[in-house]
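Per-entry structural report
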Amino acid sequence: RTGLDPDKTVFENVSEGGAVQIGGELVEPRVYLERFLFDAHQQRQKVSSLSGGERARAALAKTLQGKKNLVLLDEPTNDLDVDTLGALEQMLIDFAGSALVVTHDRWFLDRIASALLVFEDDGKVTLYPGNYETYRRLKKEQAAEGERDAKAEAKASVAPKASAKADAPEANAAKSSKPFRRASRPRSARWALSKRRCPIRTSTRKGPSAFASSRPR
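Since the structure is predicted, the reported quantities are computational estimates derived from the model, not experimental observations.

Let us look at the overall build of the protein. Helix and strand counts for the protein stand at 9 helices and 6 strands. Taking all 217 residues of the protein together, the buried fraction comes to 25%. Contacts in the protein between residues at least 24 apart in sequence constitute 50% of all its contacts with a sequence separation of at least 6. Per element, the accessible surface of the protein, about 16,400 Å² overall, is 52% carbon and sulfur.

Okay, here's the thing in structure tokens:
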């Protein structure tokens, strides 16, 4: 708004004595100012007599006219009424050059943006194609993809452990499939064992020959 001369009329500030060039076309200043809702009476008013919103409209009209291929706008929707905001949106849509706009107005971005430079949480600046709704959709897709990747990594880390557990029963089965062989004992051990199982009984009585020999004749 500081680029306006308060002692000149709106028409004089914008036209600068000639036709207004918009996107390679020459437009009459009167017609051009009507796009910003200035009727014939308001066009003849001095800038010093305008309200804050009217000054904002006049400043935008002056900024967007002429041989410009790039404009920088910092929070352009602040203090604008609905009609002025609609006029600004349409002018930016019809603007032949590029506009770099800094704003927190999401609806405004949906209307005029063709790409977004977003300052992410980690300090990086990322370029997203499309308007704000497109940006939100892309962020959701990125979040879903990151979640799928995390699940896939977790599943991949668990798979080797499960495979090791699955191989353990097979190893045990292989061990149990071998024929069972009883350990053989030495011969002396077998003899001692059979002796314990079948003990030899001895008698204290003398045999028949001895008994008979002791009988009196």
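Turning our attention to the nonpolar core. Side chains of nonpolar character tend, in soluble globular proteins, to be buried together. Counting residues in each nonpolar core, the largest one holds 28 residues, and the members touching the most others are Y32, F36, L64 and L88. A total of 6 residues in this core trace back to one element, the largest contributor, which is helix α4 (residues 52-64). With sequence-adjacent residues up to four places away left out, L64 is seen in contact with I22, Y32, F36, V71, L88, M91, L92 and F95. In this structure, L109, A113, L116 and Y135 belong to the second largest nonpolar core, which totals 7 residues.

Turning next to the pairing of strand β3 (residues 70-74). Side-chain alternation along β3 places V71 and L73 on a buried face and L70, L72 and D74 on a face that remains uncovered. By the bridge criterion, 5 bridges tie β3 to strand β4 (residues 98-102) in an arrangement that is parallel. Note on β4: the bridge partner recorded for L72 is L100. A crossover links β3 with its parallel partner β4, the connecting element being helix α5 (residues 82-94), and its sense is right-handed.

What follows concerns the packing of α4 against α5. Running from N to C, α4 and α5 cross one another at 5 degrees; their axes reach a closest spacing of 11 Å. With respect to each other, α4 and α5 are oriented roughly parallel. Residues R57, L60 and L64 of α4 form the contact with α5, whose participating residues are T84, L88, M91 and L92. A breakdown of the residues in the contact of α4 with α5 according to their chemical character gives 5 nonpolar, 1 polar and 1 charged.

Rules used in this analysis
Residues numbered from 1 in each chain as written. Predicted model: local features only at pLDDT ≥ 70, side-chain atom pairs only at ≥ 80, totals over all residues. Heavy atoms only, no water. Helix = DSSP H or I, 4+ residues; strand = E, 2+ residues; numbered from the N terminus. Buried < 20%, exposed > 50% of the residue type's maximum accessible area, 1.4 Å probe, protein only. Contact = heavy atoms within 4.5 Å. Areas by Shrake-Rupley, 256 points an atom, 1.4 Å probe, with all protein chains shown as cover. Core = buried A, V, L, I, M, F, W, Y, C linked by side-chain atoms within 4.5 Å. Pairing = 2+ DSSP bridges. Right-handed = clockwise from strand over helix to strand, strands pointing away. Axes fitted to C-alpha atoms, helices over the stretch in contact; angles between N-to-C directions. Parallel < 35°, antiparallel > 145°, perpendicular 65-115°, else oblique. Nonpolar A, V, L, I, M, F, W, Y, C, P; charged D, E, K, R; others polar.

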